[in-house]
Amino acid sequence: MKRKAAAISPLMRELSSYIAGALRKPLPAPVSEKTRHHVLDTIAAMISGSRLLPGWKAISYVKTLGGKHEACVAGSRLTTSAVHAALANAMCAHADETDDSHAPSLTHPGCGIVSAALAVAERTRAGGEALLRAVALGYDISSRLTMSLGGQQFRQAGHLTHSFGPTFGSAAAAAALLKLDADQVRHVLSYSAQQASGLSTYPRDVEHVEKAFDFGGMAARNGVTAASMVATGCTAVEDVFSGERNFFIAYDESQRTGKAPPQPEILTRELGKTYEIVRTNIKRWSVGSPIQAPLDSLYELIRAHSVKADEVEKLTVRISTQGADTTDNRDMPDICMQHMCAIMLLDGIVTFESAHDEKRMRNPKVLALRRRIELVRDEELQRLLPERQGIVELVLNDTRRLSHHTKAVRGTARNPMSRAEVDEKCYHLMVPVLGKGRTRALCDAVWNLPALKDVRRLRPLLTA
């Protein structure tokens, strides 16, 4: 029996056509360069994260699943199906707090989207240029999806922005690499909508394992699953974004909250003109996002005034109320504001190793310094979100008072890191796992992705 033609909105036609044709559209040179920054940054997060608790638990889990040898799990010798590899790599990439973030959409896009795109690129033996275009596409769809739902107010309603957008972004990247047409892309988006989920309960996860799944693994797995199902012939609803009981109706919180309703039109706004990866932040420090600005300020004060820890009588840190709620005296070192500020004062720098040294959380010198640190919830800085500004005020025992206000964190869109800075960060993250020679080769290969004919050639550099 012939299926009855379903109504398809102009918005869905435009969106699905754009996704289907994205790999045929060259990226502007600055966008291509920025995309390489985020691919390398996420791969470095995967490699370093493979040695952290959430990473090795994810790898251990995926080992039990079997699967066709389509893609590798970074930092291991495991090859498995693209779906399983995407899940494990994404959890490794968010095993730590070193992966990227997109402030306007409240997402960590790289851990899910790069993992999904890399797995499908391996499966299809796509080239490096196709991988870059798919990743940039994923960031565009991910961020627009969450922003269309209201971003901050969607999160305040209890939904997890970090999983919703990246699920669609991962699906779009996978669909493009599988060369699905516009009709098939519409079905992929419907399967993505059915799998979209997540609650903002993640701060209760004291070991960061479920958080790694919530932010990265779930989105990567679901996106690759959606695209793979459609690629094998599965059909679905033609337009999940319009019509009766559609996606946006289901997640319309306006009647309950009195705030603005979803704006589906954001999904296609400036597509192909404004690239959201350019507005995505790379972390300078391997710590939670709200801690970045205070560490920038402390680092500048230490360099400018040669401040020593034993000179500090009091340190006051002012950040948004939301950021303070996330980082106030947490049990994990890299998400604890007071601990990381104490480490910066004691060491004059924060490294990946010091951000993960749990023993130092019990060190008498660190604890004594933490007692002199006050974290203030600043309503004015809260109103500036999604910009994560921070103010640090030091009172020294010689009565000097020093202050620094970081308005644009290093690595953000307003103050981006250079290629050299990204390379240095990623090199140091990967060397302990891969060694100096392979780390240097992997960094160089990512910078030269447009010339790579088959992404599988990265596999010997990724495995350990």
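This text goes with the structure placed above it.
What you see is a predicted model; the values in this text were computed from it and never measured.

### Thoughts on the nonpolar core
Here comes step 1: In terms of nonpolar packing, the biggest core is built from 113 residues, with Phe-168, Phe-241, Phe-247, Met-430 and Leu-442 touching the most fellow members.
Here comes step 2: With 10 residues, the single largest contributor to this core is helix α4 (residues 82–93).
Here comes step 3: What Leu-442 contacts, discounting residues up to four positions off in sequence, is Ile-43, Met-430, Leu-434, Leu-458, Leu-461 and Leu-462.
Here comes step 4: With 32 residues, the next largest nonpolar core counts Val-287, Leu-298, Ala-324 and Met-340 among its residues.

### Points about the side chain of Ser-76
Here comes step 1: Structurally, Ser-76 can be placed in the loop between β1 (71–72) and β2 (79–80).
Here comes step 2: For Ser-76, a relative accessible area of 7% corresponds to the buried category.
Here comes step 3: Looking at Ser-76, its side chain comes within polar contact range of the main-chain oxygen of Val-73, at 2.8 Å.
Here comes step 4: Polar contacts involving the side chain of Ser-76 include one to the main-chain amide nitrogen of Leu-78, which spans 3.1 Å.
Here comes step 5: Apart from the residues within four sequence positions on either side, Ser-76 is in contact with Ile-59, Thr-463 and Ala-464.

### Some points on the environment of Met-430
Here comes step 1: Mapped onto the elements, Met-430 comes out in helix α19 (residues 419–434).
Here comes step 2: For Met-430, a relative accessible area of 0% gives the class buried.
Here comes step 3: Between the alpha carbons of Met-430 and Ala-86 there is a distance of 19 Å; along the sequence they are 344 residues apart.
Here comes step 4: For Met-430, the residues in contact, after removing those within four places along its chain, are Leu-40, Ile-43, Ala-44, Ile-47, Gly-435, Thr-439, Leu-442 and Cys-443.

### Considerations on the packing of aromatic side chains
Here comes step 1: Taken as a whole and judged by the stated rule, the model has 11 aromatic pairs.
Here comes step 2: Consider the rings of Phe-154 and Phe-164, whose centres lie 5.0 Å apart with planes at 85 degrees: the pair is edge-to-face. Of this pair, Phe-154 sits in helix α7 (residues 152–156) while Phe-164 sits in helix α8 (residues 161–177), and the two are 10 residues apart along the sequence.
Here comes step 3: Taken together, a centroid distance of 5.1 Å and an interplanar angle of 85 degrees make the contact between Phe-164 and Tyr-251 edge-to-face. One end of the pair, Phe-164, is in helix α8; the other, Tyr-251, is in the loop between α11 (247–250) and α12 (254–257), with 87 residues separating them in the sequence. Accessibility assignment for this pair places Phe-164 and Tyr-251 in one class, buried.
Here comes step 4: Three or more aromatic residues joined by ring pairs make a cluster, and in this case those are Phe-154, Phe-164, Phe-168, Phe-241, Phe-247, Phe-248 and Tyr-251.
Here comes step 5: Of note, Lys-211 hangs over the ring of Phe-215, and the distance from its end group to the ring centre comes to 4.2 Å.

### Overview of the pattern of salt bridges
Here comes step 1: Under the criterion given, the structure shown has 25 salt bridges.
Here comes step 2: Of the charged contacts, one joins Glu-97 and Lys-283 as a salt bridge, the two residues approaching to 3.3 Å between their closest N and O atoms. Remark: Lys-283 occurs in the loop between α12 and α13 (289–305) and Glu-97 occurs in the loop between α4 and α5 (109–124); sequence separation between them is 186 residues. There is no split in this pair, since Glu-97 and Lys-283 are both buried.
Here comes step 3: A salt bridge links Asp-454 to Arg-125; the shortest N-O distance between them is 2.8 Å. With Asp-454 in the loop between α20 (436–447) and α21 (459–462) and Arg-125 in the loop between α5 and α6 (128–148), this residue pair connects regions lying 329 residues apart in the sequence.
Here comes step 4: Overall, Asp-454 belongs to the buried group, its relative accessible area being 11%.
Here comes step 5: Arg-125 gets classed as partly exposed once you look at its relative accessible area, which sits at 47%.
Here comes step 6: Taken together, the salt bridges that share partners define one network made up of Glu-97, Lys-211 and Lys-283.

### What to know about the sheet that holds strand β3 (residues 312–319)
Whenever strands of a sheet pair, they do so through backbone hydrogen bonds, lying parallel or antiparallel.
Here comes step 1: One open sheet accounts for four strands, arranged β4-β3-β5-β6; its pairing is mixed. A single partner strand is all that each edge strand has here, and the edge strands are β4 (373–377) and β6 (401–406). Averaged over all adjacent pairs, the angle separating strand axes in this sheet is 15 degrees, with direction ignored.
Here comes step 2: Taken together, the six bridges between strand β5 (residues 390–396) and β6 define a ladder with antiparallel strand orientation. Its bridge partner being in β6, Ile-391 is matched across the sheet by His-405.
Here comes step 3: Here α13 sits on the sheet in contact with β3, β5 and β6, set at roughly 135 degrees to β6.
Here comes step 4: Here helix α15 (residues 337–347) sits on the sheet and contacts β3 and β4; the angle it forms with β3, its principal contact strand, is near 130 degrees.

### Digging into helix α2 (residues 29–49)
Here comes step 1: Its 21 residues place the ends of α2 30 Å apart at the C-alpha level, agreeing with the 30 Å of an ideal helix rising 1.5 Å per residue.
Here comes step 2: Of all 21 residues in α2, 18 are buried, a share of seventy percent or more.

### Re unusual backbone geometry
Excluding glycine, a negative phi dihedral is what most residues carry, and trans is how most peptide bonds are arranged.
Here comes step 1: Omega for the peptide link from Leu-385 to Pro-386 comes to 15 degrees, which places this bond in the cis form.
Here comes step 2: One non-glycine residue, Asn-329, adopts positive backbone phi at about 50 degrees.
Here comes step 3: By secondary structure assignment, the location of Asn-329 is in the loop between α14 (321–327) and α15.
Here comes step 4: Owing to a relative accessible area of 43%, Asn-329 belongs among the partly exposed residues under this scheme.

### Considerations on the packing of helix α3 (residues 53–63) against α4
Here comes step 1: Running from N to C, α3 and α4 cross one another at 165 degrees; their axes reach a closest spacing of 8 Å. As judged from the angle between their axes, α3 and α4 are roughly antiparallel. Relative to α4, α3 is oriented so that their crossing is right-handed. Residue-level inspection shows Pro-54, Gly-55, Ala-58, Ile-59, Tyr-61 and Val-62 of α3 in contact with α4, the latter providing His-84, Leu-87, Ala-88, Met-91 and Cys-92.

Criteria and cut-off values
Residues numbered from 1 in each chain as written. Predicted model: local features only at pLDDT ≥ 70, side-chain atom pairs only at ≥ 80, totals over all residues. Heavy atoms only, no water. Core = buried A, V, L, I, M, F, W, Y, C linked by side-chain atoms within 4.5 Å. Buried < 20%, exposed > 50% of the residue type's maximum accessible area, 1.4 Å probe, protein only. Helix = DSSP H or I, 4+ residues; strand = E, 2+ residues; numbered from the N terminus. Contact = heavy atoms within 4.5 Å. Polar contact = N/O pair within 3.5 Å; in protein donor to acceptor, adjacent residues only side chain to side chain. Phe/Tyr/Trp six-rings, centres within 6.5 Å; stacked < 30°, edge-to-face > 60°. Lys NZ or Arg CZ within 6 Å of the ring centre and 35° of its normal. Salt bridge = Lys/Arg side-chain N within 4 Å of Asp/Glu carboxyl O. Pairing = 2+ DSSP bridges. Axes fitted to C-alpha atoms, helices over the stretch in contact; angles between N-to-C directions. Expected span 1.5 Å × (residues − 1). Parallel < 35°, antiparallel > 145°, perpendicular 65-115°, else oblique. Left-handed = near helix turned anticlockwise from the far one by under 90°.

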